[in-house]
Amino acid sequence: MAEDSDDSSQEKTEDATPRRLEKAREEGQTARSRELATMAVLIVGAGGLLVFGASMGKAFANIMRNSFDIERDTIFDTSQMSIQLLAAAEEATLAVAPLLVLLLVAAIAGSIGIGGLLFSGKAIMPKLNRMDPIKGLKRMFSMRSLIELVKGIAKVGLVMVVAILILDLRTDDLLSIAEEPPVPAMSHVVWTLGWSFFLLSCATILIAVIDVPFQIYDHQKKLRMTKQEVKDEFKDTEGKPEVKGRIRQLQREMAQRRMMQDVPDADVVITNPSHYAVALKYDQATMAAPIVVAKGADDVAFKIMEIAREHRVDVLRTPPLTRAVYHNTEVGGEIPDGLYMAIAQVLAYLFQLRQFRRGQGAKPGMPDFPIPRDLRRDS
């Protein structure tokens, strides 16, 4: 209990692990900046009005003209009302479509500007704890709520300052509109409002520049972990040491069983009787050099020798050569170049021994196998 209490009181000082970040994304938790999305929509919207404003104005003026300039026969024909409405709706849609597409792209780009594109059903699942009034009050008076309040006040203040500066710079321009004819004056007012709106929108760039790093930092801070959490996650992902040890043991046992199955096919087993045994096989037609089909020490060595004798595979006592082959080869691998001569003498000796057993020659003597100094392993 004391240990659990100590773990729960640990400070979250460790950065989130890749697994923690992946799990957070699966639950829909990622860094987002509403200010970035707002900035993108406002600036693109203001720029779109400046670019497409003239064509949109002409389209709506044409709609108004066609709606009020109707022939007498058309007015009293009720079937023409839907035709007129559909024509006006189609023209209005075509006029505002470019701006709407720009706004849609800006809204999506602003939303995924940090955090990337993310689809998660868990993020929209209802959670009963959100309906808890006590937790709601805690969120209202939390540090995050205070930061959001300060941000809201700062945004309003910044927009007010930029608006005052724009009005101050355009005072003479606005006063001159009163002296212009009505049609040019209306056009002048529209362009003035459009550029003023665009400049006001640009003020949100400063807000986004401050908010984006803060949201990234805040998201990383919320995902921080204690040292104990990191250890527990490592155990969960990598496995507990005792489980991993058991798995390795089972893998070794399976490898040994497969290795033992190849011993009956060996040509010879060389041994250092008290410690090592190595089973060798050589097929001149398919192999460039002899290969090790099995090897082992102590109990495994005795098992190899036992299987070899059961299947009438010759077992030769060659301690120095056996140690050299054992320590310089892997199961399934070829013997080193420096041991070619020694293994060739083993195979030649084995051939002469088999000839002697069939009564076709004299009993051969055990040769002195040459072992290079760099491959020799002393007992």
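Residues numbered from 1 in each chain as written. Predicted model: local features only at pLDDT ≥ 70, side-chain atom pairs only at ≥ 80, totals over all residues. Heavy atoms only, no water.

The protein chain appears in an unreviewed UniProt entry as Flagellar biosynthetic protein FlhB from Marinobacter xestospongiae. Word for word, the UniProt comment on the protein chain under Function (unreviewed entry) is "Required for formation of the rod structure in the basal body of the flagellar apparatus. Together with FliI and FliH, may constitute the export apparatus of flagellin." Among the UniProt annotations of the protein chain, the heading Sequence similarities (unreviewed entry) holds the following wording: "Belongs to the type III secretion exporter family." (UniProt positions renumbered as here; feature names shortened; annotations may be inferred.)

S.K.: Before we go on, may I ask you to explain the UniProt feature "transmembrane region" (unreviewed entry) in the protein chain in this structure?
M.R.: On the UniProt side, "transmembrane region" (unreviewed entry) is annotated at positions that read residues 36–56, 99–125, 146–169 and 189–214 here. Secondary structure over residues 36–56 splits into 100% helix and 0% strand, and the C-alpha atoms at its two ends are 27 Å apart. Summarising residues 189–214: 100% helix, 0% strand, and an end-to-end C-alpha distance of 39 Å. (Helix = DSSP H or I, 4+ residues; strand = E, 2+ residues; numbered from the N terminus.)

S.K.: How should the pattern of salt bridges be read in this particular structure?
M.R.: Proximity of charged atoms lets side chains of opposite charge pair with each other. Within the structure shown, the criterion is met by two salt bridges. In this structure, Glu35 engages Lys155 in a salt bridge whose closest nitrogen and oxygen atoms are separated by 2.9 Å. Highlighted residues: Glu35 in helix α3 (residues 34–68) and Lys155 in helix α7 (residues 143–169), separated in sequence by 120 residues. The closest approach of N and O atoms between Asp314 and Arg354, which form a salt bridge, is 3.1 Å. One end of the pair, Asp314, is in strand β4 (residues 314–317); the other, Arg354, is in helix α14 (residues 340–357), with 40 residues separating them in the sequence. Exposure remark for Asp314: the relative accessible area of 10% places this residue in the buried category. (Salt bridge = Lys/Arg side-chain N within 4 Å of Asp/Glu carboxyl O. Buried < 20%, exposed > 50% of the residue type's maximum accessible area, 1.4 Å probe, protein only.)

S.K.: I'm lost on the environment of Leu347 in this one. Help?
M.R.: The topology assignment puts Leu347 in helix α14. What makes Leu347 partly exposed here is its relative accessible area of 23%. In the structure, Leu347 is positioned 79 residues away from Val268 in sequence and 8.0 Å away in space, judged by C-alpha atoms. Among all residues touching Leu347, those that are not within four sequence positions of it are Tyr282 and Pro290. (Contact = heavy atoms within 4.5 Å.)

S.K.: Just checking my understanding: could you explain a nonpolar patch on the surface for this structure?
M.R.: Taken together, the side chains of Met143, Leu146, Leu149, Val150 and Ile153 make up a nonpolar region of the molecular surface, amounting to roughly 510 Å² of accessible area. Examined against the element boundaries, Leu146 turns out to sit in helix α7. Relative accessible area serves as the criterion here: at 44%, Leu146 is assigned to the partly exposed category. (Patch = residues over 30% accessible without salt bridge, like charges linked within 9 Å, V, L, I, M, F, W, Y side chains within 5 Å. Areas by Shrake-Rupley, 256 points an atom, 1.4 Å probe, with all protein chains shown as cover.)

S.K.: Looking at this model, I keep getting lost on α7. Mind explaining?
M.R.: In an α-helix there are 3.6 residues to a turn, and that puts residues three or four apart on one side. Taking 1.5 Å per residue as the helical rise, α7 with its 27 residues ought to reach 39 Å, and the 39 Å between its terminal C-alpha atoms agrees with that figure. Those residues of α7 that fall on the buried side of the exposure criterion are Lys151, Val162 and Ile166. Those residues of α7 that are buried lie in contact with α3 and α9 (182–222). (Expected span 1.5 Å × (residues − 1).)

S.K.: Would you mind going over the packing of aromatic side chains with me for this structure?
M.R.: Aromatic ring pairs are reported here in terms of the distance separating the ring centres and the angle at which the planes meet. Per the stated rule, a full pass over the model turns up two aromatic pairs. Between Trp195 and Phe198, the aromatic rings sit 5.8 Å apart at their centres with planes inclined by 85°, giving edge-to-face as the arrangement. Separated by three residues within a single helix, Trp195 and Phe198 lie in helix α9, roughly one turn from each other. According to the relative accessible area criterion, Phe198 is partly exposed, its value standing at 22%. On the basis of an interplanar angle of 35° and a centroid distance of 4.6 Å, the ring pair of Tyr276 and Tyr326 is categorised as tilted. With a gap of 50 residues between them, Tyr276 in strand β2 (residues 276–281) and Tyr326 in helix α13 (residues 319–328) connect regions that are remote in the sequence. Take Tyr276 and Tyr326: they sit in the same class, and that class is buried. (Phe/Tyr/Trp six-rings, centres within 6.5 Å; stacked < 30°, edge-to-face > 60°.)

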